[in-house]
Amino acid sequence: MQGLSSLRNPFSGWRWSWVLRDALVLCLLALAVAAATLFGWQVLAILGALGAVLLAAAWLLYRSGDGSREWLLCIVLAGLLGLPMLARVAAVGLFGPWQLALLGISVLGIGRFAADVRQSGWLKLAVWAFGVSLVLALVSSWAGRTRPVAGAYQLFSDLKPLLLVCLGYALRWDDSTERWLWRVVKWAWLPMLLFVIFEWAAPGAYFQLLYRGAGSPSADPTGLLPSRAIGLFEHPSFLASISALFALLCMGRTCSVVRGEGARWGWLVVVYGLLIVCSVQRQEMVACALALAVIVLLSRPDKLVRNLMIVALVAAPVVVAFVFVFADNIQREMAYWGLGPATTAIEIPRAQLFVGAFHVAQQHFPLGSGLGTYAGAGAEKFDASLYYELGFRNYWWFGKQDFLMDTYWPNPIAEMGFAGAGFLLLSYLALLCHAVSRARRERYGVAHGYWLAAAGMMLYTLVLSISSPAFQDPRLFVIPAIMFGVASWQAKREAHALR
């Protein structure tokens, strides 16, 4: 009976979850009062909007009671697959409200996440390391050059990864929710592929219709494909990442030792893999291949040697083909990064951001420059002064598009210092180890497949974060993040069914 009540109440199972929730509410109220006192009605209005989103989410969740919450999963998937097209065709940008809705709802999963933290050493380490990184960020802000509004905005942004993990625990995973997930995964490839074909067959009509004539094809550096495919999305990287995450989910299902389902989902891994190839995004290809290999190796620990040989046999020709196709491009970019024998001046924006981050961290050692000062949302919106001091106005890309947030790690390195960034990395590695541990322990059933997918997706995101804002952009991290809660829900459902 205790297991059943735990399934029905997301806040049961750990008495301290009530303390955490109440403490969070008090902190939010204190923040609202302080913001109204210091910054006036504009900041208070923003906080009021956040509170309204949270109250609406709470009303919807508790109104559903013990019923299914597939509508919440539909909100997540609609934001990933529907909002990009809406923004391009109708010029309606709803990404901000969608993101706020997800973060507001995620607060309601804190209690259930806390219950899992109590039972897992890896999750305890992840939360502890994440908390230490935030403390170091706050100390750096106090001692550094943080402006209040920029710092507050960046602090909220830094909380997103952990809140998105809690979002998966706010779901009530049942048969109905699961059917919705696999319906989307089973058929999402079709519109994605059709739009790629449309883009390549009639690029003029494609960009006129979807970009109102303002866009143009991005050249394929290999010359083998008409262009870097965009499909339904704003950029080839989103096509690659969504395809990669769906491929990893299908691979987890294929390897989940659910008899007779291998062929049913295995072919989708190939289809989504081809979509990644169409995007010509090299890092997404490498990250997805590594994650797929890890899923295969974790799927049957008792047959590790056999699986290792299979992975090696498949990987060898893939690696050779990859190096052959991208050899010149890789050599040229290494030179732009200042690596290799034929080095030139560092001209890659991401490399220049990393160089600036190391310089800032050394300048403010052992702390960082503080929240909202460099390579994050706070600095981009409210405080660009550090960029000017570092001479960024001399770079051709400065002030254009979203280059300042084009990669993840320069932000924590500069703002939290080397120690803060190290603890943040430790937190993500602990989440990865938690998923690996559970995948090894849950040897059978659908939960096994979800834990395999969670491990693969977390590894994918870590690799991707080297050159993208992977953990900061919900469009890239929401699926890996919610997979922890989904797998936990499913494992408890299966354990309860066996009683």
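For every chain, the first residue of the written sequence is number 1, and numbering continues from 1 onward in sequence order. A pLDDT threshold of at least 70 governs which residues receive local features in this predicted model, and a stricter bar of 80 or more applies before side-chain atom pairs are shown or counted, although totals over entire chains, interfaces and linings include all residues. Side-chain numbers come from the whole structure's heavy atoms, not from hydrogens or water.

## Quick look at unusual backbone geometry
In this structure, the amide linkage connecting Phe365 to the following residue, Pro366, adopts the cis form with an omega of 5°. Note on conventions: DSSP H or I runs of at least 4 residues are helices, E runs of at least 2 residues are strands, and numbering of each starts at the N terminus. Mapped onto the elements of the fold, Pro366 is located in the loop between α18 (349-363) and α19 (377-382). The phi dihedral of Val280 is positive, around 55°, even though this residue is not glycine. Secondary-structure assignment places Val280 in the loop between α15 (262-279) and α16 (282-299). At Ala375, a residue that is not glycine, the phi angle is positive and equals roughly 60°. On the secondary structure map, Ala375 appears in the loop between α18 and α19.

## A closer look at the confidence of the model for the chain
For every residue, the predictor states its confidence as a pLDDT score lying anywhere from 0 to 100. In the predicted model, the chain carries a mean pLDDT of 82, and the fraction of residues at 70 or more is 79%. Within the chain, the element-level pLDDT minimum falls on helix α1 (residues 2-8), averaging 37, and the maximum on helix α21 (residues 410-441), averaging 95. Counting interchain partners and residues more than four positions distant, the pLDDT-below-50 stretch residues 1-18 has 31 contacts. Whether two residues are in contact is decided by their heavy atoms, any of which lying within 4.5 Å being enough.

## As for the packing of helix α22 (residues 445-464) against helix α23 (residues 474-497)
If you want to describe how two helices pack, look at the angle between their axes and the distance between the axes. Interaxial distance between α22 and α23 falls to 8 Å at its minimum, and their mutual angle equals 160°. Between α22 and α23, the interaxial angle falls into the category roughly antiparallel. Handedness of the crossing formed by α22 with α23: left-handed. Between α22 and α23, the residues in contact are Gly445, Val446, Ala447, Tyr450, Trp451, Ala453, Ala454, Met457, Met458 and Thr461 and Phe477, Ile479, Pro480, Met483, Phe484, Val486, Ala487, Ser488, Gln490, Ala491 and Glu494, respectively. Axis lines are fitted to C-alpha atoms, over the contacting stretch for helices. Their N-to-C directions set the angle, which ranges from 0 to 180 degrees. In this scheme, roughly parallel covers angles under 35 degrees and roughly antiparallel covers those over 145, while 65 to 115 is roughly perpendicular and the rest are oblique. For a crossing to be left-handed, the near helix must be turned anticlockwise from the far one by less than a right angle; the clockwise case is right-handed.

## Re the pattern of salt bridges
The working definition used for a salt bridge is a side-chain nitrogen of Lys or Arg within 4 Å of a carboxyl oxygen of Asp or Glu. Inspection of every chain in the model, using the stated rule, returns nine salt bridges. Of the charged contacts, one joins Arg145 and Glu389 as a salt bridge, the two residues approaching to 2.9 Å between their closest N and O atoms. One end of the pair, Arg145, is in the loop between α8 (121-143) and α9 (148-158); the other, Glu389, is in helix α20 (residues 385-389), with 244 residues separating them in the sequence. Partly exposed residues are those whose accessible area sits between 20% and 50% of the maximum for their type, while under 20% is buried and over 50% is exposed, using a 1.4 Å probe and protein chains only. Assessed through its relative accessible area of 26%, Arg145 is described here as partly exposed. Among the residues examined, Glu389 registers a relative accessible area of 57% and is labelled exposed. As a salt-bridge pair, Arg475 and Glu234 come within 2.9 Å of each other at their nearest N and O atoms.

## Brief notes about the packing of helix α14 (residues 236-254) against α16
The geometry of α14 relative to α16 is characterised by a closest axis approach of 10 Å and an angle of 10° between their N-to-C directions. It follows that α14 is roughly parallel to α16 by the angle criterion. For the pair α14 and α16, contact is made by Ser237, Ala240, Ser241, Ala244, Ala247, Leu248, Met251 and Gly252 and by Glu284, Cys288, Ala291, Leu292, Ile295 and Val296, respectively. The classification used treats Ala, Val, Leu, Ile, Met, Phe, Trp, Tyr, Cys and Pro as nonpolar, Asp, Glu, Lys and Arg as charged, and all other residues, Gly among them, as polar. Of the residues that constitute the contact of α14 with α16, the class distribution is ten nonpolar, three polar and one charged.

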